[in-house]
Amino acid sequence: MRRVLLALCCGALVVGTGCEAMQKKFVRKRKTPLARPAPIVTFQDYTRAMTPLDRYRKHYVMFDYWNTELLGVLEDRDFSIKRLRKYSSEALQELRLLHGMLQYDLAADVEPLIHEREKSDQHIQQRLVMPSDLGALRQRLEVQTRQIHRELSWRHVEDRLKPGTQTH
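Since the model is a prediction, treat every value here as computed from it, not as a measurement. (Residues numbered from 1 in each chain as written. Predicted model: local features only at pLDDT ≥ 70, side-chain atom pairs only at ≥ 80, totals over all residues. Heavy atoms only, no water.)

S.K.: Looking at this model, I keep getting lost on the side chain of Ser153. Mind explaining?
M.R.: Secondary-structure assignment places Ser153 in the loop between helix H6 (134-152) and helix H7 (154-157). Using a relative accessible area of 10% as the deciding quantity, one classes Ser153 as buried. Ignoring any residue separated from it by four or fewer positions in sequence, one finds Ser153 in contact with Tyr56, Tyr60 and Ile148. (Helix = DSSP H or I, 4+ residues; strand = E, 2+ residues; numbered from the N terminus. Buried < 20%, exposed > 50% of the residue type's maximum accessible area, 1.4 Å probe, protein only. Contact = heavy atoms within 4.5 Å.)

S.K.: Looking at this model, I keep getting lost on the pattern of salt bridges. Mind explaining?
M.R.: Two side chains with opposite charge may pair up if their charged atoms get near one another. Counted by the stated rule, this structure contains five salt bridges. Residues Lys86 and Glu90 are paired through a salt bridge, measuring 3.3 Å at the closest nitrogen-oxygen approach. One end of the pair, Lys86, and the other, Glu90, are both in helix H4 (residues 81-101), four residues apart, so they sit about a helical turn from each other. The residue Glu142 makes a salt bridge to Arg138 at a minimum N-O spacing of 3.1 Å. Of this pair, Glu142 and Arg138 both sit in helix H6, four residues apart, roughly one helical turn. For Glu142, a relative accessible area of 26% gives the class partly exposed. The network of salt bridges with shared partners includes Glu75, Arg138 and Glu142. (Salt bridge = Lys/Arg side-chain N within 4 Å of Asp/Glu carboxyl O.)

S.K.: Mind showing me how you'd approach the packing of helix H3 (residues 52-75) against H6 here?
M.R.: Geometry of a packed helix pair, given as the angle between the helix axes and the separation of the axes. In contact at an axis separation of 10 Å, H3 and H6 are set at 160° when each is read in the N-to-C sense. Between H3 and H6, the angle falls in the class roughly antiparallel. Relative to H6, H3 is oriented so that their crossing is left-handed. Facing H3, whose interface residues are Tyr56, Tyr60, Phe63, Asp64, Asn67, Leu70, Leu71, Gly72, Leu74 and Glu75, H6 presents Leu134, Leu137, Arg138, Leu141, Glu142, Thr145, Ile148, His149 and Leu152. By residue class, the composition of the contact of H3 with H6 is eleven nonpolar, four polar and four charged. (Axes fitted to C-alpha atoms, helices over the stretch in contact; angles between N-to-C directions. Parallel < 35°, antiparallel > 145°, perpendicular 65-115°, else oblique. Left-handed = near helix turned anticlockwise from the far one by under 90°. Nonpolar A, V, L, I, M, F, W, Y, C, P; charged D, E, K, R; others polar.)

S.K.: Help me understand the packing of aromatic side chains in this model?
M.R.: Each aromatic ring pair is characterised by the separation of its centres together with the angle its planes make. Within this structure, the stated rule accounts for three aromatic pairs. Taking 5.1 Å as the distance between ring centres and 70° as the angle between the ring planes, the aromatic pair formed by Tyr65 and Trp66 counts as edge-to-face. For Tyr65, a relative accessible area of 44% corresponds to the partly exposed category. Seen from their ring centres, Trp66 and Tyr87 are 5.7 Å apart, and the 40° between their planes marks the pair as tilted. In this pair, Trp66 is assigned in helix H3 and Tyr87 in helix H4, connecting sequence segments 21 residues apart. Taken together, the aromatic side chains of Tyr65, Trp66 and Tyr87 make up a single cluster linked through ring pairs. The ring centre of Trp154 lies 4.1 Å from the NZ or CZ of Arg57, which sits over that ring. (Phe/Tyr/Trp six-rings, centres within 6.5 Å; stacked < 30°, edge-to-face > 60°. Lys NZ or Arg CZ within 6 Å of the ring centre and 35° of its normal.)

Encoded structure:
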């Protein structure tokens, strides 16, 4: 009898400690959860370490990216007007930043090119572009792109940048 009773107690002990559901019943839960530690975030500003040429290259590459996307959208027959407007405005914004980094004499020389691009962007933003106009618009933008690459390439303007040019 003692052996049976001892075996039952040992069995109950093994079952009681091994079963996760049984353990949960006997664990007291906290009334308030522990506060999660706040992460320490430190930001480093790498733009101050950039030279004017590095900054110009960065914005030149960004212009080239947005402009390529814009030309790609114009090739698509069922294009999205939202994407067309976004790509056009982003490309123009980068072009304006490039223009702002140039010394006055060179900036004055390329100003007509910027105004021409602004007109194209204005037509796109005001939805004055019809599907029948896409070919002509694309052709005009390709001509502008070639002029921009010819006149504003970082290799051609590296010695004509404003010193200490700051951008956002």
